Amino acid sequence: AGLTGFVVPHADEYQSEYLPPSAERLAWLTGFTGSAGAALVPAGTAAIFVDGRYTLQARGQTDGALFAPENLIDNPPAAWLAAHAGKGDRIGYDPWLMTASEVRRYDEACASAGAAFVPVADNPLDRVWSDRPASPLAQVSVHADRFAGEPAAEKIARLQKRLAEKNIDAAVLTQAGSIAWLLNIRGGDVAHVPLALAYASVPREGRPALYIDGRKLNNEVRHALEELADVREPAALGKDIAAFKGKSVLLDRASAADALSRQITEAGGTGTRGADPTAIMKAPMVAMWLFISQP
């Protein structure tokens, strides 16, 4: 691929806290199974970065001759890269597995060393992971209004009102929890949390779109969702972004993939980095739940 190194974060395309087995690239490559970390794989000795919780675990699970252990906080990967990259090096990364702010830090670190930080369309790790598990296909269910507290149609209308107030043309949601809340759905794609991995786009006016593997939807659930939004396969998101030409599109600064920012810009849209717009909308419900749950 013309690279002299590659970054392997503990992340998936949705920046989930818990990853499905198909996204556990860090564990497959290094043996480390903790929930936070990253590896940098240059031509020489690689490094694995973990926080204080996982110091002993990382040493026990990884080969010290191949991966030098580093502290994720005291010596962040970008700082390590600035000290170890050489002039002319090309360090690759998967833009679906890193946010734009993360990419900016790495890019600056590489530039300080005379190296380049290069997005790749084809993750080289996936090419050699021959027994990679299939992507999850847990069935989606509709979360009843009596439990959700508010119909999904009303949530969508409120979100569109907020977009209009901020003069934003559309929002692209990438966090499974936000989509579950907005559309009142639940799933089982990852351990510990009842979420379905998907993307959604919500225009200021008109119908939202849900991008999800159709095999997760039975006829009843699909019908319920199509009452609210256009249901499309995930691959359609890239094509639909072309409709954002000349428009402002809100992306969550903490979780949206760098690849989405790039696609929106290349389509002639303007990516606006801000907080996930559903976060503040969920807050009153969380506050009320905390209040009524106190003895």
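Residues numbered from 1 in each chain as written. Predicted model: local features only at pLDDT ≥ 70, side-chain atom pairs only at ≥ 80, totals over all residues. Heavy atoms only, no water.

With that out of the way, let us pick up the side chain of S178. Mapped onto the elements of the fold, S178 is located in helix α8 (residues 176-183). By relative accessible area, S178 is classed as buried at 2%. Polar side-chain contacts of S178 include one of 2.5 Å to the side chain of D276. (Helix = DSSP H or I, 4+ residues; strand = E, 2+ residues; numbered from the N terminus. Buried < 20%, exposed > 50% of the residue type's maximum accessible area, 1.4 Å probe, protein only. Polar contact = N/O pair within 3.5 Å; in protein donor to acceptor, adjacent residues only side chain to side chain.)

So, on to unusual backbone geometry. Residues other than glycine seldom take positive phi values, yet N167 does so here, at roughly 60 degrees. Within the fold, N167 resides in the loop between α7 (152-165) and β8 (170-173).

With that settled, the discussion passes to the sheet that holds strand β13 (residues 248-252). Pairing within the open sheet is mixed, and its six strands lie in the order β12-β11-β10-β8-β13-β14. On the outer flanks of this sheet lie β12 (230-232) and β14 (270-274), each paired with one strand and no other. Each adjacent strand pair in this sheet contributes to an overall mean axis angle of 20 degrees, direction not counted. Where strand β11 (residues 209-211) and β12 come together, three bridges link them in parallel fashion. Its bridge partner being in β12, A209 is matched across the sheet by D230. (Pairing = 2+ DSSP bridges. Axes fitted to C-alpha atoms, helices over the stretch in contact; angles between N-to-C directions.)

With that settled, consider the pairing of β8. Neither face of β8 is exposed, since A170 and V172 on one face and A171 and L173 on the opposite face are all buried. Both β8 and strand β10 (residues 199-203) contribute to a ladder of four bridges, which runs antiparallel. If you follow V172 over to β10, its bridge partner there is S201. Two elements, β8 and β13, share two bridges in a ladder whose sense is parallel. Bridging across to β13, A170 finds its partner in V249.

Turning our eyes to something else, we now look at the confidence of the model for the chain. With 96% of its residues at a pLDDT of 70 or more, the chain shows a mean pLDDT of 92. Mean pLDDT per element in the chain: helix α12 (residues 277-292) is the minimum at 65, and β11 is the maximum at 98. Low confidence marks residues 287-295, where pLDDT is under 50. Its contacts with residues over four positions away, or in another chain, come to zero contacts. (pLDDT = per-residue confidence, 0-100. Contact = heavy atoms within 4.5 Å.)

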